[in-house]
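Examining the three-dimensional arrangement
If you want the building blocks of each chain, they are given just below.
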Amino acid sequence: MPATSTGSPAAAMRPDVDWVNPLTGALTTSPDTACGKTFPGAVMPFGLVQLSPDTVSGGDNGSGYSADMTTIEGFSFLHLSGIGCYGDLGQLQVMPQTGELVTGRDVAKSPFEKATETAEAGYYSVELGRYKVRAELTAAERAGILRFTFQDAGTGRIKVDLSRRIGFDGTHRDSASAPGR
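**Quick look at the pattern of salt bridges**
Evaluated as defined, the whole model comprises 7 salt bridges. A salt bridge links aspartate 161 to arginine 105; the nearest nitrogen and oxygen atoms lie 2.8 Å apart. On the criterion of sequence distance, the pair formed by aspartate 161 in strand β11 (residues 156–161) and arginine 105 in the loop between β5 (93–98) and β6 (110–111) is long-range, its members being 56 residues apart. Accessibility expressed as a relative area gives 12% for aspartate 161, which makes it buried. For arginine 105, a relative accessible area of 14% corresponds to the buried category. Between arginine 147 and glutamate 136 there is a salt bridge whose closest N-O contact spans 2.9 Å.

Given below as structure tokens:
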């Protein structure tokens, strides 16, 4: 059995996928570093969806996630990784909530502790502090699977935001008129 850099035979048996760290390069907002603009969510190679948490919308935040942020605005089904410029996709964002209904994206954000965040190849989970909900994401070839575990009894809901896009905050509207009007 070949030895690894740790010298442990058990480490040599570790599957290659276990060496993947989806948080590598998951930074978009630091002016002092080269930002990889990747996201830590769950994907399958050549899969139809790319589930991931969203920590930021708008501006030059291509992946919708930045590891230096401490709030999550939701989880969306479509992402681009490592794009290097203004983002796109990030549609179909969902956010589990408890208590009073909060519809505004910014006011509905939930803080989270980095210690509760797990990112592995094909799996992501986090505890949403504000709503006391555990969010888990995984992906199949043609589908995304989200599981929300509500820790407190009472009113629980999943807010769906159909206007959200990573590089666009959903408040701008384009209008068209016939020539000469």
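**Examining the sheet that holds strand β2 (residues 50–54)**
Read across the open sheet, the 5 strands follow the order β1-β2-β4-β5-β11; overall the sheet is antiparallel. In this open sheet, the two strands that pair with only one neighbour each are β1 (42–43) and β11. In this sheet, β2 lies alongside β1 in antiparallel orientation, the contact comprising 2 bridges. Bridge pairing in β2 links valine 43 to glutamine 50.

**Some thoughts on the sheet that holds strand β10 (residues 144–150)**
Ordered by their spatial adjacency, 4 strands build an open sheet running β7-β8-β9-β10, and the pairing between neighbours is antiparallel. Single-partner strands in this sheet number two, and they are β7 (118–120) and β10. Ignoring which end each strand starts from, the neighbouring axes of this sheet average 10° apart.

Reading guide: rules and limits
Residues numbered from 1 in each chain as written. Predicted model: local features only at pLDDT ≥ 70, side-chain atom pairs only at ≥ 80, totals over all residues. Heavy atoms only, no water. Salt bridge = Lys/Arg side-chain N within 4 Å of Asp/Glu carboxyl O. Helix = DSSP H or I, 4+ residues; strand = E, 2+ residues; numbered from the N terminus. Buried < 20%, exposed > 50% of the residue type's maximum accessible area, 1.4 Å probe, protein only. Pairing = 2+ DSSP bridges. Axes fitted to C-alpha atoms, helices over the stretch in contact; angles between N-to-C directions.

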